[in-house]
Amino acid sequence: MGDLLLDVQDLHVRFAHESGSLHAVRGLDFSLHAGESLAIVGESGSGKSATAMAIMGLHPQSARVEGSIKLHGQQLVGRDDQTLSQLRGKSMAMVFQDPLSAMTPVYTVGEQIVEAVCVHESCSPTVAISRAVELLDLVGIAEPQRRVHAYPHEFSGGMRQRAMIAMAIANNPDVIIADEPTTALDVTIQAQVLTVLQRACRELHAALILITHDLGVVARVADRAIVMYAGRAVEQAPVNALFKKPAMPYTLGLLASLPGTDTGADAGAGASASSASTSLLGTIPGYPPSPLSLPSGCSFAPRCPLASEQCLLEEPPLTPIGETEQYVACVYRDSIAKNTINTRDLFLPELSDAGVNDHNLDNNSSANPVDENQNAGSVLLELSDVKQHYPLYKGTIFRHQTGTVFAVDGIDVQLRQEETLALVGESGCGKSTTALTILDLAPPTHGSIKVFDTNVDSLVNNKQKLAIRRKLQIVFQDPMSSLDPRMPVFDLIAEPLGVFNVPLNVIEKRVKELLSLVGLEAVHAERYPQQLSGGQLQRVCIARALAIEPRLLVLDEPVSALDVSIRAGIINLLQKLKSTLGLSYLFIAHDLALVRHFADRVAVMYLGRIVETGTVDDVYNNPMHPYTRCLLSVVPIPDPVLERDRTRIVPIGDLPSPSDPPAGCRFHTRCPMKAALSEAQQQRCESESPELISHDCASGLSSQANIGTHQYACHFGHETKS
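The model shown is predicted, which means the values in this text are computed figures rather than measured ones. (Residues numbered from 1 in each chain as written. Predicted model: local features only at pLDDT ≥ 70, side-chain atom pairs only at ≥ 80, totals over all residues. Heavy atoms only, no water.)

Student: Just checking my understanding: could you explain the state of the cysteines for this structure?
Tutor: One way to say it: the disulfide is the covalent bond shared by the sulfur atoms of two cysteines. Counted under the stated rule, the structure contains zero disulfides. Among the cysteines around Cys630, which has no disulfide bond, Cys671 carries the closest sulfur, lying 6.8 Å off. Residue Cys630 is classed as buried on the basis of its relative accessible area of 0%. (Disulfide = S-S within 2.5 Å. Buried < 20%, exposed > 50% of the residue type's maximum accessible area, 1.4 Å probe, protein only.)

So, in C-alpha cells, the structure goes:
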C-alpha cells in the first residue's frame, strides 16, 4: 500500500425526520491508502451510500455530518460546498449507480467529459476533446472518435457506465468511489466495467471504495472489506480472511445466502452441483431495524440465532480477533473464530410447511386453478420456430418502413409441468421479448405457441384468453412501472382475486397470507408503492402474481433488485411452492450462479436465437458454444482465491443491433475463439448460420437436435473448446 489518502474517524450521518432524527451512519472508522481497494457491503439501508455521499459532501444541508473525514490530511467535514467542489472530480470522484440519471441527456458524452476536464484544468477545446477521446478509448469504448459525439441514450447500459468511469478519472483523482457500479448489468458487461475500474486505479495509483451487495465482485476486486449493518461496521477484515473465516453472524448469514460457487468446468470452482438443487439457500430471519427505532444492545440480536441476554445489554464494540487485522462487533467473535460454536447450519431456512399447504384458495371459489387432467411432466408451454419481428418506421405524415428489429428470430422451446426453464443471455438478446410474446396470447410474427395444449391462434375472444391467464402470470423486472401508484398494496394484491369473483372474506385472508409468504408485514398492506423500497416493491409483485395460484409463472429478473438475504428467501419460497403446488417457471435472469441453483434446464440466447440448451449440469459442466463459455467464465465467484486465479473469456466489443444482425453465425463478430480457426473455417462462420445440433456428452459426438437433449449452434464447438 502507498501513502494514506483518506482517513475517516467516528463518522455520523443524521437526517431530519418527522418521527425524529434518522441516524444513518453511526461511528464509522476506516482508512484508505494509495492503490488500495476497499469494499463496503451490507443490506439496503445499512448506511453504505450515506457514507459515500458524506465523503463527497453531497448530502443536503439538512443532513448532519459529524466526525472526521480527512483527504490528504485536509478536513472535509464542515467545509462549504465551494471548497468541496474544488476537490470533487479532481482529488476524489464518484461513479454513480445509474449512469443515465447521472448524465445530462441534452449534451453529448464528449461534451460532458470535456466539462469535467475544463472545470479543473485550463485547456483549449481541441485539447479537451482529444482528452475525452483518449478517456473513452481507455475505458474500452470502440470508435471513440465517433462515439464522443453521441448522446447518453445512444449508448448501451455498459457503455454509459464506462463513460461515467471516464468522467470520474478525467482529472486523475486519488480516490474513486464506485456506488453499485455493476448492479443490473449483464455478467459480460460487469466483467468489462470491473476490468476498467481496476485498470484505472492501477494506472492512476488511485484508491477505490467499492459499494456493492455482490460478494463475488468483492472477492474479485477488494483488498479489504467492511460489512455494515444498521449504520455501523460489524466486521472489517482483509478480503481473504473475511471469506475464509468470517466471525460475525451477520457476515455468515450473507455468505450462506449465496448459491454454490460452481459455475461449470471452465470456471475453476469446486465440486459439482446438481441440477434444480433441492437444497435451500441460507436466509437471515426478520428484517433490518429502522434507523428511527434501533433495538437495545446489538442491533443484529433480533435476527441472530446466537443472540442471548448478554447481546441485549449493550452494543458490542468493533474489536480485533487476537493479533489479526480482522475486527468484529460480536460477543461471540472469539468462539466463532476458534470454531467452538457450530456455525455451519446457523442460517438454514425454517419455512413452515403449513404456510405453503394453506396456500390454496377456498375450493368453492372460481379461482381454483388445479387441473385434474394435467399430469406431472406434461408439456405446458411449447414454442415452435417462433419469430417476433418489429418494423422500424421513419417520418410522421408520410411514414415508411426503414428496417426490421429481429427481436426473436426462430426459437423452439418446451416447458414441462413442475420444471424450471431459465433463459439467459445479455440484455437485448430477446429474453423478455420471448416472455411478452407468450403472455400476449396472440399469434407471433411467425411460428406457433401452445399454452396448456391450446394454440394461441385458436383464442378468439377475451373469455378464452382470461381462462388461460388464470393459469399464467408474470413477475416483471421493474416493479414500479408494473404497479399502479394510486392503489395501496392490499388492493394491488387483491385485484387479481376480484377479477375471478373471490369472496371478500377470502380475499382478506389471502392477502395476509401472501404478504407473510413474500416477507412483508401486515402494516405494508396500507402503504402505496412510492412508500416502499425497491426490494419491497418486488415482493409485492410476486405476491400479486401468486394470488390466483397460477400453474405457470414467468419470472422476468424477479430478484435482481433484492438484497442477497431477501433474494435467498424469495428463491426458497419459489422452490417450496413449486414442489407443493406443482408450479412451472420460465425464469429470465442474468445471475448464472442463481440459475444453476434454481433451474432444471437452461437456454442461452444471443441476438434472438437459442445458441445452447440442455440441463444445467450438461450446459454448465460441458459448455459447447463459445458464447456460453464466455458467460460462465465471467460469473463472479464469492471466493477470492478461485476468483482471482480464473481465466476469463470476454466477448469482443458490444452486442450488435438486433435490427442489423451479422450474417452467418451471429456471434462471429465477438467470438474470442474465431482467431484460432483457419481462414476457411472463419469464412464458414461469416457466411453460414449454424443450426442446433445435439451433443452426446458421453461419446463426444454430435447429431441432429432432439428436444430435451444438450444442443448447441456452433460449426466448430469441439475445435474451439479444445
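Student: Looking at this structure, I do not really get the packing of aromatic side chains. What am I missing?
Tutor: Aromatic ring pairs are defined here through the distance separating the ring centres and the angle between the ring planes. Here the structure, examined in full by the defined rule, presents eight aromatic pairs. Ring centres of Tyr229 and Tyr250 lie 4.6 Å apart, and the angle between their planes is 55°; this geometry places the pair in the tilted category. With Tyr229 in strand E9 (residues 224-229) and Tyr250 in helix H11 (residues 249-256), this pair connects stretches of sequence that are 21 residues apart. Residue Tyr229 shares its accessibility class with Tyr250, and that shared class is buried. Seen from their ring centres, Tyr606 and Phe667 are 5.1 Å apart, and the 85° between their planes marks the pair as edge-to-face. (Phe/Tyr/Trp six-rings, centres within 6.5 Å; stacked < 30°, edge-to-face > 60°. Helix = DSSP H or I, 4+ residues; strand = E, 2+ residues; numbered from the N terminus.)

Student: When you look at the packing of helix H4 (residues 109-118) against helix H5 (residues 125-138) in this model, what are you seeing that I'm missing?
Tutor: Helix packing geometry: the angle between the two helix axes and the distance between the axes. Viewed as axis vectors pointing N to C, H4 and H5 meet at an angle of 110°, and their least axial separation amounts to 9 Å. Comparing their axes, H5 and H4 come out roughly perpendicular. Here H4 runs over H5; the crossing is right-handed. Between H4 and H5, the contacting residues are Val109, Gly110, Ile113, Val114, Val117 and Cys118 on the first element and Ala128, Ile129, Arg131, Ala132, Leu135 and Leu136 on the second. In terms of residue class, the contact of H4 with H5 is built from 10 nonpolar, one polar and one charged. (Axes fitted to C-alpha atoms, helices over the stretch in contact; angles between N-to-C directions. Parallel < 35°, antiparallel > 145°, perpendicular 65-115°, else oblique. Left-handed = near helix turned anticlockwise from the far one by under 90°. Contact = heavy atoms within 4.5 Å. Nonpolar A, V, L, I, M, F, W, Y, C, P; charged D, E, K, R; others polar.)

Student: Any chance you could explain the sheet that holds strand E2 (residues 20-33) here in plain terms?
Tutor: Backbone-to-backbone hydrogen bonds join strands into a sheet, with any given pair of strands oriented parallel or antiparallel. One open sheet holds the four strands; their spatial order is E2-E1-E4-E5, and the pairing between them is antiparallel. Where the open sheet ends on each side, the last strands, each with one partner, are E2 and strand E5 (74-75). Where strand E1 (residues 4-17) and strand E4 (residues 64-71) come together, seven bridges link them in antiparallel fashion. Within E4, the residue paired with Asp7 across the bridge is Lys70. (Pairing = 2+ DSSP bridges.)

Student: Hey, could you run me through the pairing of strand E22 (residues 609-615) in this one?
Tutor: Consecutive residues of a regular strand have side chains that alternate between opposite faces of the sheet. For E22, the buried fraction is high: five of the seven residues fall into the buried class. Of the strand pairs in this sheet, strand E21 (residues 601-606) and E22 are connected by six bridges, and their pairing is antiparallel. Counterpart to Ala603 in the pairing with E22 is Thr613. Sheet analysis places E22 next to strand E25 (residues 711-712), joined by two bridges and oriented antiparallel. Pairing of Thr613 across the sheet is with Gln711, part of E25.

Student: Is there a simple way to think about the packing of helix H18 (residues 489-499) against helix H19 (residues 504-517) in this case?
Tutor: One way to put it is that H18 packs onto H19 with a least axis distance of 10 Å and a crossing angle of 120°. Taken together, the axis directions place H18 and H19 in an arrangement best described as oblique. You can see that H18 and H19 cross each other, and the crossing is right-handed. Across the interface between the two elements, Val489, Phe490, Ile493, Ala494, Leu497 and Gly498 from H18 touch Ile507, Glu508, Arg510, Val511, Leu514 and Leu515 from H19.

Student: Looking at this structure, how should I read helix H15 (residues 431-440)?
Tutor: Since the α-helix advances by 3.6 residues per turn, residues separated by three or four positions end up pointing in the same direction. The element H15 is largely enclosed, with a buried count of seven among its 10 residues. What H15 keeps buried is the set Lys431, Thr433, Thr434, Ala435, Thr437, Ile438 and Leu439.

Student: So what exactly am I meant to see when it comes to the sheet that holds strand E12 (residues 327-328) here?
Tutor: With mixed pairing, eight strands are arranged side by side in an open sheet as E6-E7-E8-E3-E9-E10-E12-E11. Of all the strands in the sheet, the pair left with one neighbour each is strand E6 (92-95) and strand E11 (319-320). Where strand E3 (residues 37-41) lies against E9, four bridges are found, and the strand directions are parallel. Paired with Ile40 across the bridge in E9 is Ile226. Those strands touched by H11 are E9 and strand E10 (232-238), and its axis lies near 100° from that of E9.

Student: Quick question: what am I supposed to make of the environment of Leu562 here?
Tutor: Mapped onto the elements, Leu562 comes out in the loop between strand E19 (552-556) and helix H21 (564-581). The class of Leu562 is buried, set by a relative accessible area of 4%. Through-space distance from the C-alpha of Leu562 to that of Met56 is 26 Å; in sequence the pair is 506 residues apart.

Student: Help me out: how do you make sense of unusual backbone geometry in this one?
Tutor: Both trends apply: most residues other than glycine have a negative phi, and most peptide bonds are in trans. Backbone geometry places Glu418, a non-glycine residue, at a positive phi of 60°. Backbone geometry at Phe452 places phi at a positive 55°, although glycine is not the residue there. As for its placement among the helices and strands, Phe452 is situated in the loop between strand E16 (446-451) and strand E17 (454-455).

Student: I would appreciate a short explanation of the side chain of Arg333 in the present structure.
Tutor: With respect to the element layout, Arg333 can be found in helix H13 (residues 333-337). Asp334 provides the closest opposite charge to the buried, unpaired Arg333, separated from it by 4.6 Å. At 2.6 Å, the side chain of Arg333 forms a polar contact with the backbone oxygen of Cys330. Excluding anything up to four places from it in sequence, Arg333 contacts Ala247, Thr319, Ile321 and Val328. (Lys, Arg positive; Asp, Glu negative; His and termini not counted. Salt bridge = Lys/Arg side-chain N within 4 Å of Asp/Glu carboxyl O. Polar contact = N/O pair within 3.5 Å; in protein donor to acceptor, adjacent residues only side chain to side chain.)

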